[in-house]
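# Fold and contact review
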Amino acid sequence: MLKKILSNYFFIRLVKALVTIFVVATFTFFLIRLMPGNPLDIFIATQLAQGVPLQEAQERAASLFHIDLSRPMMLQYLDYLKNLARGDFGVSIISTNTPVSKIILRFLPWTLFVVTVSLFISFIGGILLGVVMALYRNSWIDQILSFLASIISSIPNYVIAMLIVVYFGVKLKWFNIAEIRGSLSPGVKPEFSLYFLKDAFYHAMLPIIVYVLTTIGSWMLVMKSSTISTLGEDYVEVAKARGIKESRIMTSYVARNAILPLFVSLAISIGFVVGGSPLIESIFVYQGIGLKLSDAITTRDYPVMQAIFLIITASVVVANFLADLLLGVLDPRIRTSRN
Amino acid sequence: MATKHIIVDDLSVEYLGATKKIYALQHVSLDINRGESIALVGESGCGKSTLGVSFINLLPLNSRITSGTIKFISNSKEIDIFKTPTSELQKLRWSKIVMMAQGALNAFNPVMRIRDHFIDTAYSHGWKNKTEILNKARYLLKRVHLDSERVLSSFPHELSGGMRQRVLLSLGLLLNPEVVILDEPTTALDILTQRNIIELLKELKKEFNFTLIFITHDLSLAAELADRVAVMYAGKAVEVGDVYDIFATPYHPYTAGLITSTPKLRGESTEVTSIPGSPPNLSEIFKGCPFYERCPLRSNVCINSQPKLTAVEEKDGHLVACHHASKNTLEHIKQGDWLSTIQ
Ligand SMILES: Nc1ncnc2c1ncn2[C@@H]1O[C@H](COP(=O)(O)OP(=O)(O)OP(=O)(O)O)[C@@H](O)[C@H]1O
Ligand SMILES: [Mg+2]
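Residues numbered from 1 in each chain as written. Chains lettered and ligands numbered in written order. Predicted model: local features only at pLDDT ≥ 70, side-chain atom pairs only at ≥ 80, totals over all residues. Heavy atoms only, no water.

## Let's talk about the packing of helix α6 (residues 100-135) of chain A against helix α15 (residues 289-299) of chain A
Residues and elements named next belong to chain A. Orientation of α6 relative to α15, taken along the N-to-C sense of each, is 130°, at an axis distance of 7 Å. Comparing their axes, α15 and α6 come out oblique. Note on element contacts: α15 touches α6 through I289, G290 and K292, opposite I103, I104, F107, L108 and T111. Taken together, the residues of the contact of α6 with α15 break down into five nonpolar, two polar and one charged. (Axes fitted to C-alpha atoms, helices over the stretch in contact; angles between N-to-C directions. Helix = DSSP H or I, 4+ residues; strand = E, 2+ residues; numbered from the N terminus. Parallel < 35°, antiparallel > 145°, perpendicular 65-115°, else oblique. Contact = heavy atoms within 4.5 Å. Nonpolar A, V, L, I, M, F, W, Y, C, P; charged D, E, K, R; others polar.)

Right, dumping it as structure tokens:
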């Protein structure tokens with residue numbers, strides 16, 4: 001019995017996942033402490049830049065931060081692990097006395113919202129367009145779409161974000177940049193109402209457009225090539241000879257098989273949903289976890305950085321694990337090879 | 001006189017390749033009789049599969065039919081395959097004419113159980129009753145000597161090549177087709193499995209009484225299964241006749257060459273001979289005989305005049321396309337040292 005569990009595919013996967021998370025957590029712990037400067041230095045430097053005399057800046061720092069950075073690194077690490085095991089991410093250094101978990105709970109939902117919506121639109125749209133491109137390959141439709149897809153997926157997302165802000169915002173004035181930044185308008189509270197939803201979407205619109213534009217191209221191209229190769233499979237030919245309707249062949253025989261290889265990339269993307277994109281959120285001043293991460297990096301807020309990195313790692317690992325399960329459900333060949 | 005079931009008349013098909021055209025079928029005419037089994041034989045690339053898919057008008061997108069018709073006679077009505085609208089063709093495919101393309105080992109959708117392949121096929125042709133479909137499927141699977149319950153709930157990858165071939169045969173008989181076309185059904189199988197499939201085909205043909213068109217490059221399989229043989233060379237039918245006539249008195253030197261180069265496993269000699277040279281390039285239209293380059297009997301007439309498929313004098317229904325056709329061709333070939341020997 002025990003032997004059976006130990007050799008079970010999913011048990012092995014689970015152990016691997018946990019080990020991965022642990023290793024990454026350890027590495028981030030030490031790596032972020034190797035970054036030049038520590039929270040105190042950075043705080044004092046900013047105070048100095050604001051014209052505060054050195055003496056006073058040091059006193060302020062001492063009264064604000066109750067951390068002892070001189071404690072041996074190994075002991076700090078053990079503390080960190082001990083707290084982590086209890087589900088405690090610690091307390092932010094900069095926003096004194098605020099638990100890290102509270103910060104994450106406040107910022108994470110916004111990122112999840114924007115990136116999930118974008119990923120959904122981009123994946124579905126990319127798959128549909130990819131199938132269309134494959135079906136009408138070499139037609140003008142395919143040529144235009146392929147061209148756009150390869151151009152757009154090679155432009156970095158922050159360039160598109162800047163372009164939107166500068167061109168459509170500042171130059172054409174299609175929207176008011178000052179008003180659209182942030183994740184909600186001042187005074188609007190999260191609640192179940194159309195008013196709130198409308199406001200949330202209004203603020204999320206630009207980041208969503210940028211994410212969709214920058215990711216849809218690669219979905220389109222991958223789906224196109226996968227569909228083209230599936231169209232050439234013998235079973236598609238035989239299905240036609242069996243007199244099965246074109247629409248049924250396209251869905252159950254072609255698209256159903258062509259989509260399988262895309263699941264791994266989808267899983268990885270879902271994992272990264274949690275991380276958002278610090279650059280995009282900074283450009284649009286969107287109050288998501290990415291923005292918080294870039295703040296934490298600038299101020300060397302170790303506990304916050306650590307927690308965010310850990311969450312990103314965990315979600316990538318978990319998403320891969322789930323994708324693996326799902327792939328087993330979708331592809332019987334994989335299911336067999338695991339038993 | 002046998003009644004005709006399919007009439008191929010003057011069929012030409014070309015493919016648009018990346019740089020050039022390929023004339024895969026050139027003015028092929030062939031009558032297929034109801035209830036017979038006919039083998040289409042020829043070297044790789046001679047256009048057998050192209051003819052095979054033409055029967056159900058399922059040619060690839062980069063192909064064009066440049067001349068000719070295929071008429072299918074069902075319930076004493078003549079159906080012009082190339083003029084039939086797609087919706088009608090879809091009904092005809094698999095219900096009247098079953099065409100099992102080359103590469104049948106991958107004939108099944110890898111994410112669907114065998115059961116769903118039967119159901120999918122039957123639903124597409126208007127069946128409604130699932131129990132009825134599955135009962136018929138069970139009967140047919142037993143008929144090809146398979147464990148029907150196990151097979152029905154299997155995924156394709158869980159079955160061996162020989163099993164898949166059998167499943168495909170029983171799936172082919174689901175709708176009681178009039179014509180069954182098999183394109184190289186045994187090529188990917190080992191000799192023993194191959195033998196079993198051939199035996200099975202004979203049994204099935206007896207029970208279900210379909211017209212069988214059997215595409216192969218292996219003349220010995222043709223000899224075993226077919227009543228009649230059509231020999232193809234470079235996109236043309238060069239000789240058509242009863243299997244006995246073709247083997248005993250081939251008129252075309254190519255046919256004679258194929259027969260003598262079939263390895264004979266009986267007797268002390270196991271030497272294999274083959275026709276020297278290789279098939280011609282199909283990207284040009286021949287002025288003369290396509291076999292000219294390799295022919296031991298060639299003469300100047302063969303350069304500029306294309307031989308037509310015509311009946312031989314001595315025998316009804318035996319057709320040959322050769323300027324030097326004669327009942328002595330086989331003798332000539334055996335005496336000469338034309339065939340190269342591979343020890
Ligand atoms: N889709 C296609 N596009 C271009 N050329 C093709 C295509 N299909 C077949 N051909 C060419 O047409 C000719 C006839 O091909 P076909 O498949 O009908 O031959 P075959 O007799 O079935 O050969 P084999 O024994 O190898 O199956 C060959 O020269 C082949 O290269
Ligand atoms: Mg072929």
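## Brief notes about the sheet that holds strand β9 (residues 228-233) of chain B
Residue and element names in this part refer to chain B. Strand order in this open sheet of eight strands is β6-β7-β8-β3-β9-β10-β13-β12, and the pairing throughout is mixed. With partners counted over all chains shown, the strands left at the sheet margins are β6 (97-100) and β12 (310-311), one partner each. One ladder, built from two bridges, connects β12 with strand β13 (residues 319-320); its direction is antiparallel. Considered in β13, the bridge of A311 is made with L319. (Pairing = 2+ DSSP bridges.)

## Concerning the site of ligand 1
Residues and elements named next belong to chain B. Residues in contact with ligand 1 amount to 15 residues; listed here are only the nearest, S44, G45, S49, T50 and N62. In this structure, C46 approaches ligand 1 through a main-chain N or O atom, which is 3.2 Å from an oxygen atom. Between an oxygen atom of ligand 1 and a main-chain N or O atom of G47, the distance comes to 3.1 Å. The protein chains hide 69% of the 630 Å² of surface that ligand 1 would expose on its own. If you list the elements that add at least two residues to the shell around ligand 1, you get β2 (21-33) and α1 (48-54). Per-element tally for the shell around ligand 1: the top contributor is α1, with three residues. Broken down by class, the residue content of the shell around ligand 1 amounts to six nonpolar, seven polar and two charged. (Near = heavy atom within 4 Å. Polar contact = N/O pair within 3.5 Å; in protein donor to acceptor, adjacent residues only side chain to side chain. Areas by Shrake-Rupley, 256 points an atom, 1.4 Å probe, with all protein chains shown as cover.)

## Quick word on the pattern of salt bridges
Residue and element names in this part refer to chain B. Under the defined criterion, the tally for this structure stands at 20 salt bridges over all chains. D31 is the partner of K4 in a salt bridge, and the nearest nitrogen-oxygen pair spans 3.3 Å. Of this pair, K4 sits in strand β1 (residues 4-16) while D31 is found in strand β2, placing the two residues 27 residues apart along the sequence. A relative accessible area of 34% means that K4 is categorised as partly exposed. For D31, a relative accessible area of 29% translates into the label partly exposed. (Salt bridge = Lys/Arg side-chain N within 4 Å of Asp/Glu carboxyl O. Buried < 20%, exposed > 50% of the residue type's maximum accessible area, 1.4 Å probe, protein only.)

## Section: the sheet that holds strand β4 (residues 63-74) of chain B
All names here are of chain B. Across the sheet, which stays open at both edges, the four strands sit in the order β2-β1-β4-β5 with antiparallel pairing between neighbours. The open sheet has two edge strands with one neighbour each: β2 and β5 (77-80). Strand-to-strand, the axes of this sheet are offset by a mean angle of 10°, without reference to chain direction. Looking at chain direction, β1 and β4 are connected through eight bridges and run antiparallel. Within β4, the position partnered with I6 by the bridge is F72.

## Here we look at the coordination of the magnesium ion (ligand 2)
Looking at the metal site, the magnesium ion (ligand 2) is ligated by S49(B) (OG) and Q102(B) (OE1), spaced 1.8 to 2.2 Å from it. On the criterion of sequence distance, the pair formed by S49(B) in helix α1 and Q102(B) in the loop between β6 and α3 (114-124) is long-range, its members being 53 residues apart. (Donors = N, O, S within 2.8 Å, 3.2 Å for Na, K, Ca; no water.)

## With respect to the domain arrangement of chain B
Residue and element names in this part refer to chain B. Assigned domains within chain B: domain 1 (4-226) and domain 2 (238-341). Inter-centroid distance (C-alpha atoms) of domain 1 to domain 2 is 28 Å. Taken together, the two surfaces of domain 1 and domain 2 that pack against each other cover about 1300 Å², and 66% of this comes from carbon and sulfur. A per-residue breakdown of the area domain 1 buries against domain 2 is headed by Y23, E43 and L219, which together make up 43% of the total. Taken together, domain 1 and domain 2 are joined by one salt bridge. Note that R294 and E43 form a salt bridge whose closest N and O atoms lie 3.2 Å from each other. Counting across the domain 1 and domain 2 interface gives three residue pairs in polar contact (both at pLDDT 80 or more). Only β2 and α8 (219-225) provide two or more residues apiece to the side of domain 1 that touches domain 2. Among the elements that take part in the side of domain 1 that touches domain 2, β2 stands out by supplying seven residues, more than any other. (Domains from an automatic or database assignment. Buried area = accessible area lost by both parts, 1.4 Å probe.)

## Comments concerning the confidence of the model for chain B
Caution applies to low-pLDDT parts of the model: their predicted coordinates are not meant to be read in detail. Of all residues in chain B, 95% attain a pLDDT of 70 or more, and the chain-wide mean is 90. For this predicted complex, the interface confidence score (ipTM) comes to 0.90, while the overall pTM stands at 0.83. (pLDDT = per-residue confidence, 0-100.)

## Digging into the domain arrangement of chain A
All names here are of chain A. Domain assignment breaks chain A into domain 1 (24-85) and domain 2 (107-338). A straight line from the C-alpha centre of domain 1 to that of domain 2 covers 36 Å. With 15 residues of domain 1 at the interface, the matching set in domain 2 holds ten residues. Carbon and sulfur atoms make up 70% of the area that domain 1 and domain 2 hide from each other, which totals about 1200 Å². Along the contact surface separating domain 1 from domain 2 lie zero salt bridges. Between domain 1 and domain 2 we count two residue pairs in polar contact (both at pLDDT 80 or more) in total.

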